[in-house]
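Coordinates in review
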Amino acid sequence: MAGFTHLFIPGPTNIPEQVRQAMNLPMEDMRAATFPDLTLPLFEDIKRIFKNETGRVFIYPSSGTGAWEAAMTNVLSPGDRVLMSRFGQFSHLWVDMAERLGFEVDVIDCEWGTGVPLELYAERLKADKTHRIKAIFCTQNETATGVTSDVAGCRAALDDANHPALLFVDGVSSIGSIDFRQEEWGVDCAVSGSQKGFMLPAGLGFLSVSRKALVASRTATHRRCFFSFEDMIRANDAGYFPYTPATQLLRGLRASLDLIAEEGLETIFSRHHRLAEGVRKAADAWGLKLCARAPKWHSDTVSAILVPDGIDSGDVVKRAYQAYQTSLGGGLNKVFGKVFRIGHLGWLNEVMVLASLSAAEMALLDCGVRLAPGSGVGAAIQHFRASAAVPVAEA
Ligand code: PLP
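Residues numbered from 1 in each chain as written. Predicted model: local features only at pLDDT ≥ 70, side-chain atom pairs only at ≥ 80, totals over all residues. Heavy atoms only, no water.

Here's the deal with the packing of aromatic side chains
- The final tally for this structure, using the stated rule, is 13 aromatic pairs.
- Here the aromatic rings of F180 and W185 are separated by 5.8 Å at their centres, their planes lie at 90°, and the arrangement is edge-to-face.
- Grouping aromatic residues by their ring pairs yields a cluster made of F58, Y60, F226, F227, F229 and Y243. (Phe/Tyr/Trp six-rings, centres within 6.5 Å; stacked < 30°, edge-to-face > 60°.)

This is the structure:
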C-alpha cells in the first residue's frame, strides 16, 4: 500500500528519525574500555526524566513488566502486605504479578474509568496502626482506560497517616510525557519502559528507585536473580552490566534523552496536554464519551473513547487499520468491544493527531456511528489554531 502506515496505539509510539539513526550501528563491544563513556552519563541523565536526585535508575533489557518485577522482588519480602487498586488491564496485571510473587495483596477494586481511590487508601493507612502494609501502589496512567491518578495524593495519604510504607508507581505510559516528580512526591520505585514517552522501541525497562528503596533492598528477602539490584549496582558503577546489554537501544536512549532535554520536559508536558485536549474536543463533537469518568481522571497520553451501544469498537479499530492504514488501540478486558483508544504520546504534533482523528472518524462512520463528517476533526482544528504556539498573525 502506498503512503505511511500510521501508528496511534498508546505504545509503542512513533520514533524520531534521529533516534532511529542513532540505533543504526554495527554491534559493539559491551566490555570495551570506552563503553562507560556511553553508559555513565546515561545513568545520570535518565534520572532527570524521573526527577530523581538522590536515588538511581536501573536500565534492564526487558519491557516495563520486567521493571515491575524488579521493583517488587528487590524491595519486598515474601508475605509482605501491599495495598493496590485495580481499575484497568494494567493495574490488574500488576495486582496479578504481586499475587503470583507471593505478597499478601489488599486490592481495592474500583470502577473502570476511575483511578486510585485516595480516600480509601488514606482510611486503610490510618487504620494500619502496626504498619503491616509495606508498600502502596499507584498506576499513574491506566493505559487501558485513559485514566491518570494523583501520585502526589498518594504521598499525602502516607504522610497524613504518618505511615512508613513505600510508594510504588507505574509510570509506563506517563513518565516523560506528563508531570512526574519522584523526589518531591517521595516515590520509592517508579517503573517505566522505553516504548512510550521515551520514543524508543520496546526492550528497555526503567526502574527509578529512592535511597529508601535501596536501603530496603538490602534486608528484603524475596528471591531475585536477573533483576538483582546488587548485581546491577556492582556492574553499573563501573559502567557495565551484569549481562549483555541492548547496546543499540542504549545508543537510541542517548539520542532520545538529548531530544527530551532539547525540547524541555515542561514544554513536552504542555504539548501533550494541548494535543490531548484536541482529541477530547473531537470526541465531544462526535457525541461520544470518554471511558474516564470525570475531567480529573483525563489522561494526556491516551484517550479511551466509548462507542455507542450496538457498535463493536473492535470493528472500528479493524476498519481503521484495513481501510485507512491506521492503528488505533482496542478495548482490553472489561472494556473489550466498548472503547477504542487513541495514543497521543511521544513524538507527535497537531497534524499527526488530526490524522488519527480523521482515520477514527472515517472508521466510525463506516461502522454505522451517526456523526457529522468532519465534526471531530473540525473541533480539534479549532482548538489547535486557537491555542497555537505560533499565533496567527493579525490581518
Ligand atoms: N503498565 C502500563 C500502564 C502499561 O501501559 C504497560 C504496557 O502498555 C505496562 C505496564 C506493561 O509494559 P510492557 O508491555 O512494556 O511490559
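A closer look at the domain arrangement of the protein
- What the domain assignment reports for the protein is domain 1 (6–12 + 264–386) and domain 2 (17–262).
- Put simply, the middle of domain 1 and the middle of domain 2, counted by C-alpha atoms, are 28 Å apart.
- Listed per partner, the contact involves 29 residues of domain 1 and 34 residues of domain 2.
- Along the contact surface separating domain 1 from domain 2 lie two salt bridges.
- Between K51 and E266 there is a salt bridge whose closest N-O contact spans 3.1 Å.
- The tally of links between domain 1 and domain 2 comes to 13 residue pairs in polar contact (both at pLDDT 80 or more).
- Of all the elements in the fold, those that place two or more residues in the side of domain 1 that touches domain 2 are α11 (265–286), β11 (302–306) and β13 (339–343).
- For the side of domain 1 that touches domain 2, the element with the highest residue contribution is α11, accounting for five residues. (Domains from an automatic or database assignment. Contact = heavy atoms within 4.5 Å. Salt bridge = Lys/Arg side-chain N within 4 Å of Asp/Glu carboxyl O. Polar contact = N/O pair within 3.5 Å; in protein donor to acceptor, adjacent residues only side chain to side chain. Helix = DSSP H or I, 4+ residues; strand = E, 2+ residues; numbered from the N terminus.)

Topic: the site of the ligand
- As a matter of local geometry, the ligand sits amid S63, G64, T65, W68, F90, N141, T143, D170, V172, S173, Q195 and K196.
- With respect to the ligand, the side chain of T65 contributes an N or O atom lying 2.5 Å from an oxygen atom.
- One nitrogen or oxygen atom from the side chain of K196 is found 2.7 Å from an oxygen atom belonging to the ligand.
- Calculation on the ligand without its partners gives an accessible area of 390 Å², and the protein chains cover 88% of this total. (Near = heavy atom within 4 Å. Areas by Shrake-Rupley, 256 points an atom, 1.4 Å probe, with all protein chains shown as cover.)

Considering the sheet that holds strand β10 (residues 205–209)
- Spatially, the seven strands line up as an open sheet ordered β2-β10-β9-β8-β5-β3-β4, and their pairing is mixed. Strands at the two margins of the open sheet, each flanked by one partner only, are β2 (56–60) and β4 (104–109). Looking at each pair of strands side by side, their axes are set apart by 20° on average, direction ignored.
- With respect to the sheet, helix α2 (residues 35–50) is in contact with β2, β9 (189–193) and β10, its orientation differing from that of β2 by roughly 105°.
- Most of the contacts of helix α9 (residues 229–236) go to β2, to which it runs at about 100°, and overall it touches β2 and β10. (Pairing = 2+ DSSP bridges. Axes fitted to C-alpha atoms, helices over the stretch in contact; angles between N-to-C directions.)

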